[in-house]
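# Coordinate analysis (summary)
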Amino acid sequence: MLIIGVDYHPSFQQISFLDQKTGECGDRQLNHSDGEAERFYKELKERGVSVRVGWEATGYSRWFERLLAELGFEVWIGDAAEIKRQRGRKQKTDRADGRFLLRLLRENRFPRIWVPDPENRDLRQLLWHRHRLVPMRTRIMNQRQAVAMNEGHRWKKKLCSEKGRALLEKLPLAPWASRRRKELLELLDQLDPKIAE
């Protein structure tokens, strides 16, 4: 089996590897944007190499996880805090990090975490999206309230009803304030169904 410790970054990865069969080991940097990393792992698959890849939990690596899963490689994602604790205060470089992760994998000390299946992770994208849309809607509702208050009307929750909206739409406003009101209402009309869904 080929064991690979990966110090993952959004634009590249520094790997340290050990072929348990031959004893061959080494380090290499793989670029993401030019497809070098993808080609490297696909070549391993074409050669029929059994592979285990481990890196600490980080963002922006979903494409990499998906690639490795499609290739049938073992994917181990480690607890970043526990890895940091085990590393101690030693000098931190990409190469040293890759080697350290390889050592943890080799010595069966890699603090592996549970990772949800792809369907669950995709569903979480929907929840995350909604989580971001709700505060956007709140800011728009607050701006709508500000439009009314600037005209001397403090309608509070009443403004959220159809009657309150009709009152707001009837307010005589200057041209730019009128445009602001119109666009705020249009944005709410777009966000409400998305959030409800």
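Further up the page is the structure itself.
Residues numbered from 1 in each chain as written. Predicted model: local features only at pLDDT ≥ 70, side-chain atom pairs only at ≥ 80, totals over all residues. Heavy atoms only, no water.

## Some words on the overall build of the protein chain
Keep this limit in mind: Numbered from the N terminus, helices here are DSSP runs of H or I no shorter than four residues, and strands are runs of E no shorter than two. Based on C-alpha atoms, the radius of gyration is set beside the globule rule, defined as 2.2 Å times the residue count to the power 0.38. Contacts between residues were defined by any pair of non-hydrogen atoms, one from each residue, lying within 4.5 Å. Method for areas: the Shrake-Rupley scheme with a 1.4 Å probe, in which residue coverage is limited to the protein chains shown. The convention is simple: Lys and Arg are positive, Asp and Glu are negative, and His and the chain ends are not counted. Lysine's charge is taken at NZ, arginine's at CZ, aspartate's at CG and glutamate's at CD.
Check the secondary structure of the protein chain and you find 7 helices and 5 strands. In terms of C-alpha radius of gyration, the protein chain reaches 26 Å, well past the compact-globule figure of 16 Å for 197 residues. Its C-alpha atoms put the protein chain at 80 × 40 × 30 Å along the principal axes. Sequence-distant contacts in the protein chain: of pairs separated by 6 or more residues, those separated by 24 or more amount to 51%. By element, 50% of the accessible surface of the protein chain is carried by carbon and sulfur atoms, the whole surface being about 12900 Å². For the protein chain, the distance from the average site of its 40 positive side-chain charges to the average site of its 29 negative ones is 8 Å.

## Notes on the packing of aromatic side chains
Definition in use: A pair of aromatic rings is counted whenever rings of Phe, Tyr or Trp (Trp by its six-membered ring) have centres within 6.5 Å, and the orientation is called stacked for planes under 30 degrees apart, edge-to-face for over 60 and tilted otherwise.
Scanning all chains against the criterion turns up 7 aromatic pairs. Through pairs of rings, three or more aromatic residues link up here, namely Tyr8, Phe40, Tyr41, Trp55, Trp63 and Phe64.

## Comments concerning the pairing of strand β2 (residues 12-19)
Let me state the cut-off plainly: Think of it in three bands: residues with accessible area under 20% of the maximum for their type are buried, residues over 50% are exposed, and the middle band is partly exposed, with areas taken using a 1.4 Å probe on protein chains only. Note on pairing: two strands pair once DSSP finds at least 2 bridges between them.
Most of β2 sits inside the fold, with 8 of its 8 residues counted as buried. Side chains of β2 alternate between two faces, with Phe12, Gln14, Ser16 and Leu18 and Gln13, Ile15, Phe17 and Asp19 buried alike. Note that strand β1 (residues 2-8) and β2 share 7 bridges and pair antiparallel. Opposite Leu2, over in β2, you have Asp19 as the bridge partner. Taken together, β1 and the strand that follows it, β2, pair antiparallel across an intervening segment of 3 residues. By the bridge criterion, 7 bridges tie β2 to strand β3 (residues 25-31) in an arrangement that is antiparallel. Looking across to β3, one finds that Gln14 is bridged to Gln29. The antiparallel hairpin formed by β2 and β3 contains 5 residues in its connecting segment, where Gly23 sits at a positive phi of about 85°.

## Brief notes about the nonpolar core
Let me state the cut-off plainly: For our purposes a nonpolar core is just a set of buried Ala, Val, Leu, Ile, Met, Phe, Trp, Tyr and Cys residues, chained together by side-chain atoms within 4.5 Å.
By size, the foremost hydrophobic cluster in this structure holds 20 residues, and its most contacted members are Ile4, Val6, Tyr41 and Val53. Mapped by element, the contributors of at least two residues to this core are β1, β2, α1 (36-46), β4 (51-56) and α2 (62-71). Excluding its chain neighbours within four sequence positions, the residues that come into contact with Val6 are Gln13, Gln14, Ile15, Tyr41, Val53, Gly54, Trp55, Phe64 and Leu101. Membership of the second largest hydrophobic core comes to 14 residues, among which are Ile140, Leu168, Leu191 and Ile195.

## A word on α1
Here is the rule we go by: By arc we mean the arc of the directions from the helix axis to the C-beta atoms, nothing more.
Within α1, burial applies to Ala37, Phe40, Tyr41 and Leu44. Taken around the axis of α1, the buried residues stretch over an arc of 85°, which confines them to a single face. Looking at the buried side of α1, the elements it contacts are β1, β2, β3, β4 and α2. Downstream of α1 by a residue or two, Gly48 has a phi angle that is positive, lying close to 75°.

## Description of the sheet that holds strand β5 (residues 74-78)
Within a beta sheet, neighbouring strands are joined by backbone hydrogen bonds and run either parallel or antiparallel to one another. To keep it simple, the criterion reads: For every element, the axis is a line fit to its C-alpha atoms; helices are fit only across the contacting stretch, and the angle between N-to-C directions ranges from 0 to 180 degrees.
Overall, mixed pairing links the 5 strands, which are arranged β3-β2-β1-β4-β5 in an open sheet. The strands lining the two open edges of the sheet, one partner per strand, are β3 and β5. The sheet shows a mean angle of 20° between the axes of neighbouring strands, taken without regard to direction. Along the sheet face, helix α4 (residues 94-106) touches β1, β2, β3, β4 and β5 and points at about 140° away from the line of β1.

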